[in-house]
Amino acid sequence: MKKAAIILTLLILTSCSTYTITPDQLKEQFIAAGEGMDTVKVNNPLFRFSNITYTANRIKKITVLDKQGLINYLDNSPSLEMRITQKNGKRQIMYFDTTELRNDTLYGSNSRFLGTQRKVPFESIAKIEIQDGGKNYYYKN
């Protein structure tokens, strides 16, 4: 029993790695991926036989830094979450694949079900953190 608790704790700690990316690095990756959004379909974890359709950015791999400052590459997926800390201390959380940079403002959704959209002036961003939220979302073909 004790062994199972240790293994479970290790899995939780390693699966929730948080990465950082500077605002300028994010902007470069949006530019490299090209303008516009693509329509995607993901599974609906609440209703097994239905899907959720929305628009997602074109970034395929995200270049991020781990806690030691080493470069890592994350596959863009519907379960990636992005926490944005603004210079005034205010925080916003969005799904990474829903984010889009338009006219120096970052737009993104914080709910797949409600379709609510957040916007953050790009120059106000102090810190960006990216983490796989571990939610049971995946792209459908």
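## Points about the pattern of salt bridges
Then, in step 1: According to the stated counting rule, one finds six salt bridges in the structure shown.
Then, in step 2: Between Arg83 and Glu129 there is a salt bridge; the shortest N-O distance is 3.4 Å. Of this pair, Arg83 sits in strand β6 (residues 80-86) while Glu129 sits in strand β11 (residues 125-132); the two residues are 46 residues apart in sequence, bridging distant segments of the chain.
Then, in step 3: Residue class for Arg83 comes out partly exposed when judged on its relative accessible area of 22%.
Then, in step 4: The buried category is assigned to Glu129, whose relative accessible area is 10%.
Then, in step 5: Linking Glu129 and Lys127 is a salt bridge whose minimum nitrogen-to-oxygen distance equals 3.6 Å.
Then, in step 6: Sharing partners across several salt bridges, the network here consists of Arg83, Lys127 and Glu129.

## As for the side chain of Ser111
Then, in step 1: As for its placement among the helices and strands, Ser111 is situated in the loop between β9 (105-109) and β10 (117-121).
Then, in step 2: Relative accessible area serves as the criterion here: at 15%, Ser111 is assigned to the buried category.
Then, in step 3: Of note is the side chain of Ser111, whose polar atom sits 3.0 Å from the backbone nitrogen of Leu114.
Then, in step 4: Apart from residues lying up to four places away in sequence, Ser111 is in contact with Tyr95 and Thr116.

## Some points on the environment of Ser17
Then, in step 1: Mapped onto the elements, Ser17 comes out in the loop between α1 (2-15) and β1 (18-21).
Then, in step 2: You can call Ser17 partly exposed: its relative accessible area is 27%.
Then, in step 3: Beyond its immediate sequence surroundings of up to four residues, Ser17 is in contact with Ile130, Gln131 and Asp132.

## Overview of the sheet that holds strand β2 (residues 38-43)
Then, in step 1: Judged by pairing direction, the sheet is antiparallel, and its three strands sit side by side in the order β3-β2-β12 without closing on themselves. Edge strands, defined here as strands with exactly one partner in the open sheet, are β3 (51-56) and β12 (139-140).
Then, in step 2: In terms of strand pairing, β2 meets β3 through six bridges, oriented antiparallel. Its bridge partner being in β3, Asp38 is matched across the sheet by Ala56.

## As for unusual backbone geometry
Then, in step 1: Even without a glycine there, the phi angle at Asn103 is positive, about 50°.
Then, in step 2: As for its position among the elements, Asn103 is in the loop between β8 (100-102) and β9.

Rules used throughout
- Residues numbered from 1 in each chain as written.
- Predicted model: local features only at pLDDT ≥ 70, side-chain atom pairs only at ≥ 80, totals over all residues.
- Heavy atoms only, no water.
- Salt bridge = Lys/Arg side-chain N within 4 Å of Asp/Glu carboxyl O.
- Helix = DSSP H or I, 4+ residues; strand = E, 2+ residues; numbered from the N terminus.
- Buried < 20%, exposed > 50% of the residue type's maximum accessible area, 1.4 Å probe, protein only.
- Polar contact = N/O pair within 3.5 Å; in protein donor to acceptor, adjacent residues only side chain to side chain.
- Contact = heavy atoms within 4.5 Å.
- Pairing = 2+ DSSP bridges.

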